[in-house]
Amino acid sequence: MVASATRAGEARESHIIRQQRPQEKMVKILVLNRTRVVKDVCTGKRHRCDPQLVGNVGYAFFISNSSGYAVPRRGRDEDDRLTYFDYLYTIVSRLSEVTRFPIIILVSKDVSTEHRNSWRSISPSQVEIREVIPMYEAYSGAETDRPYHLFSFGKFELFNPRWIGDFTKLISMDLDTFVLKNVDEAFCIPGEFAAVRRRHDISSGFNAGFLVIRPSKTSYNGLVDLFKRNCDLHKRGIANPNHFGEQPLLVKFFTVMACLDVVYNCGGFSGANLESLKCDLRVSDDAEIWKTRSVVHAKLSQRKIFTTMPSISAEWRKHLPVTVLQTEGERVHERI
């Protein structure tokens, strides 16, 4: 009876008994089930893998000194003190809690040592800072509708093997995203590129807020060439594809791609009932977002976010830098 119970307990704990050579003892090896599942919503196919066996994978971000201060303001209800430096600190802090994979931050040379050290201090064994030369710096003639769209081309450096060639696959997120749970399963999606398609339709556009990419010279050179050709068009305003930043170029270049579910890029919130057509969401309580979505894409500083998603915004604010919590965070709290 005792032996039977023991075997049942071992089975529940996923133990495996391995027979070794006669002179060796029977050894018990604990095998953790790390298999994860991700669905390509355009094909309907599910892909299973152990993310640790996919290759050298990690999370990656790009920021420059200029882009750090280029947060767009969309009204009087938005706090004007949070910077992308703060948002980057927040997403890295949260990621370090939910994943053990490396977190790589590509920075331009003008990013201060203070900022670099603050991000590295979050998880010194996990966070790595790499200085890069973003390609857009060589093209002063590039024009975009907003300053931060120019700096968004720095995201192309995540495809550049020169900086990131030791990684076989990366998850890239916009700095104004917040992960609600572990999303390592996204590494299981096959192919060179994956993003959240609108309407689960391969012919629709996608948002570049959450990407799964495979760094390669082919992809990097192709994106840079596309950027350069648009610069050479000498067209201004919306007539130039570079006008709206990196996203239109990614859409044009990656015509073959995998489609991720909207749970990985939940944004476009409007109204008091948390409606979002972009992520198929119509709820009145953010508890449902915790249950059914994995990544929120919004501005923490927007009043509609911290009033309609109180529990998510509260958790989000906990990960702000200490200096921000003492100043900007208190100001946001007072305005609630």
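Structure report, in brief. (Residues numbered from 1 in each chain as written. Predicted model: local features only at pLDDT ≥ 70, side-chain atom pairs only at ≥ 80, totals over all residues. Heavy atoms only, no water.)

A tally of helices and strands in the chain yields 13 helices and 14 strands. Counting only residues that meet the buried cut, the chain has 51% of its 336 residues in that class. Long-range pairs, those at least 24 residues apart, make up 67% of the contacts in the chain between residues at least 6 apart in sequence. Approximately 16,600 Å² of the chain is accessible, and the part contributed by carbon and sulfur atoms is 50%. (Helix = DSSP H or I, 4+ residues; strand = E, 2+ residues; numbered from the N terminus. Buried < 20%, exposed > 50% of the residue type's maximum accessible area, 1.4 Å probe, protein only. Contact = heavy atoms within 4.5 Å. Areas by Shrake-Rupley, 256 points an atom, 1.4 Å probe, with all protein chains shown as cover.)

Attention now goes to the packing of helix α7 (residues 217-232) against helix α8 (residues 246-253). Running from amino to carboxyl end, α7 crosses α8 at an angle of 120°, the nearest separation of the two axes being 10 Å. In terms of orientation, α7 lies oblique with respect to α8. With respect to the hand of their crossing, α7 and α8 are arranged in right-handed fashion. Here α7 contributes T218, S219, G222, L223, L226, F227 and N230 to the contact with α8, which in turn contributes L249, L250, K252 and F253. Across the contact of α7 with α8, the residue classes tally to 6 nonpolar, 4 polar and 1 charged. (Axes fitted to C-alpha atoms, helices over the stretch in contact; angles between N-to-C directions. Parallel < 35°, antiparallel > 145°, perpendicular 65-115°, else oblique. Left-handed = near helix turned anticlockwise from the far one by under 90°. Nonpolar A, V, L, I, M, F, W, Y, C, P; charged D, E, K, R; others polar.)

Another point: the sheet that holds strand β14 (residues 295-297). Read from one edge of the open sheet, 3 strands run β9-β14-β13, paired in mixed fashion. Both outer strands of the open sheet, β9 (177-179) and β13 (266-267), are each paired with one neighbouring strand and no more. When β9 meets β14, the two strands line up antiparallel, connected through 3 bridges. Looking at the pairing, V179 lines up with V295 of β14. Of the strands in this sheet, β9 and β14 touch helix α11 (residues 310-318), which is tilted by about 95° from β9. (Pairing = 2+ DSSP bridges.)

Below, the discussion takes up the state of the cysteines. Counted according to the given criterion, the structure contains 2 disulfides. Between the sulfur atoms of C42 and its disulfide mate C259 the distance is 2.1 Å. With the S-S bond torsion at -90°, the cross-link from C42 to C259 turns out left-handed. Of this pair, C42 sits in the loop between β3 (36-40) and β4 (45-49) while C259 is found in strand β12 (residues 258-260), placing the two residues 217 residues apart along the sequence. Residue C42 is classed as partly exposed on the basis of its relative accessible area of 27%. The buried category is assigned to C259, whose relative accessible area is 0%. Between the sulfur atoms of C49 and its disulfide mate C188 the distance is 1.9 Å. Disulfide C49-C188: torsion about the S-S bond near -75°, hence left-handed. (Disulfide = S-S within 2.5 Å.)

On to the packing of aromatic side chains, then. Two measures describe an aromatic ring pair: the distance that separates the ring centres and the angle between the ring planes. Tallied over the entire structure, the rule returns 14 aromatic pairs. Seen from their ring centres, F153 and F156 are 5.7 Å apart, and the 65° between their planes marks the pair as edge-to-face. By the burial criterion, F153 is buried, and F156 matches it. Each residue in the set F159, F193, F206, F253 and F254 is aromatic and connected to the rest through ring pairs, giving one cluster. (Phe/Tyr/Trp six-rings, centres within 6.5 Å; stacked < 30°, edge-to-face > 60°.)

For strand β6 (residues 103-107), a buried count of 5 out of 5 residues is recorded, marking the element as mostly surrounded by other parts of the structure. Burial of β6 is two-sided: the residues I103, I105 and V107 facing one way and the residues I104 and L106 facing the other way are all buried. In this sheet, β6 lies alongside strand β5 (residues 57-63) in parallel orientation, the contact comprising 5 bridges. Considered in β6, the bridge of F61 is made with I105. Note: β6 against strand β7 (residues 127-131), 5 bridges, orientation parallel. Each residue of the ladder has a partner; that of I103, found in β7, is V127. A crossover links β6 with its parallel partner β7, the connecting element being helix α4 (residues 113-122), and its sense is right-handed. (Right-handed = clockwise from strand over helix to strand, strands pointing away.)

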